[in-house]
Amino acid sequence: MGKTYERIDGRLRTFIEAQPLFFTASAPLSGDGTVNLSPKGLKGSFVILDELTVAYLDFAGSTAETVAHLRENGRITLMWCAFQGPPNIVRVHGRGEPVFRDDPRFPDLLARFPDIDPTAHGLRAVIVVRAELIRDSCGFAVPYMSYDGDRELHAKRFAREDDASLSEYFTKKEHIATSMDGLPGLPLPLRPL
């Protein structure tokens, strides 16, 4: 059965860091707003900053719902599933914030991700999450699946953009600067990396 943890350390930390895929869930305060659930991956784009704080790189995509929800209310849940090995699901419920390129903390946070080239993926922000509740559960119904490697398509698509063309691309997208529910999303234009 499930267990609650005080911090992200030991076996729990090892499990989280070994997973090539995790999911984020967020929602606006409005009861009729859009709940967002997104898969996140790419080796090197997630780090544990300390026993209660994690961060991941927010790359170019078709919307900016998580950014908008975090700007409005900060609520977020991250989830990892064991697709190989013993069954396990870990959820970190917490408060997050997008740290944008113009934030003085951005360079130091970005330095915590030495194993990935952020320019190849259209980096928009670093999402920092402070855990409020850390739980695991059995994961007995999660299927076995194998990890064959990261897809190269995202990097191939966004590596050809510079900061100006990336800002232009985001400006043309309907739900980047403003979420599907009309909340402020990604501030544009992007500050150069």
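One structure accompanies this document, and this report is about it. This is a predicted model, so every value here is computed, not measured.

What counts as what
Residues numbered from 1 in each chain as written. Predicted model: local features only at pLDDT ≥ 70, side-chain atom pairs only at ≥ 80, totals over all residues. Heavy atoms only, no water. Buried < 20%, exposed > 50% of the residue type's maximum accessible area, 1.4 Å probe, protein only. Helix = DSSP H or I, 4+ residues; strand = E, 2+ residues; numbered from the N terminus. Arc of directions from axis to C-beta. Contact = heavy atoms within 4.5 Å. Polar contact = N/O pair within 3.5 Å; in protein donor to acceptor, adjacent residues only side chain to side chain. Disulfide = S-S within 2.5 Å. Salt bridge = Lys/Arg side-chain N within 4 Å of Asp/Glu carboxyl O. Core = buried A, V, L, I, M, F, W, Y, C linked by side-chain atoms within 4.5 Å.

What to know about helix H5 (residues 163–172)
Then, in step 1: Burial in H5 covers these residues: Leu166, Ser167 and Phe170. Down the axis of H5, the buried set is contained in an arc of 100 degrees. They therefore lie on one face. Opposite its buried face, H5 presents the exposed residues Ala164, Thr171 and Lys172, each directed more than 90 degrees away.
Then, in step 2: Buried residues along H5 sit in contact with helix H4 (153–158).
Then, in step 3: The opening residue of H5 is aspartate 162, an N-cap whose side-chain oxygen sits 3.2 Å from the backbone nitrogen of alanine 164.

Digging into the state of the cysteines
Then, in step 1: The final tally for this structure, using the stated rule, is zero disulfides.
Then, in step 2: Free of any disulfide, cysteine 81 has its nearest cysteine sulfur in cysteine 138, 11 Å distant.

Some details on the pattern of salt bridges
Then, in step 1: Within the structure shown, the criterion is met by 12 salt bridges.
Then, in step 2: Residues arginine 105 and glutamate 97 are paired through a salt bridge, measuring 2.9 Å at the closest nitrogen-oxygen approach.
Then, in step 3: The class for glutamate 97 is partly exposed, based on a relative accessible area of 33%.
Then, in step 4: In this structure, the salt-bridge partner of glutamate 168 is lysine 172, at a minimum N-O distance of 3.3 Å. Note that glutamate 168 and lysine 172 are positioned in helix H5 at a spacing of four residues, about one turn of the helix.
Then, in step 5: For glutamate 168, a relative accessible area of 46% gives the class partly exposed.
Then, in step 6: Residue classification places lysine 172 among the exposed positions, given a relative accessible area of 66%.
Then, in step 7: Taken together, the shared-partner salt bridges connect Glu97, Asp103 and Arg105 into one network.

Remarks on helix H1 (residues 10–18)
Then, in step 1: All of the buried residues in H1 are Leu12, Phe15 and Ile16. Seen end-on, H1 carries its buried residues on one side only, within an arc spanning 95 degrees. Opposite the buried face of H1, by more than 90 degrees, sit the exposed residues Arg11, Thr14 and Ala18.
Then, in step 2: Where H1 is buried, its residues meet strand S1 (3–5), strand S4 (46–50), strand S6 (75–81), strand S7 (89–100) and strand S8 (125–137).

Some words on the nonpolar core
Then, in step 1: Ranked by internal contacts, the top residues of the largest apolar core, which has 32 residues, are Ile16, Phe46, Leu78 and Trp80.
Then, in step 2: Secondary-structure elements contributing two or more residues to this core are H1, S4, strand S5 (53–58), helix H2 (65–72), S6, S7, S8 and H5.
Then, in step 3: Counting residues in each nonpolar core, the second largest holds 15 residues, with Leu49, Leu110, Phe113 and Val128 among its members.

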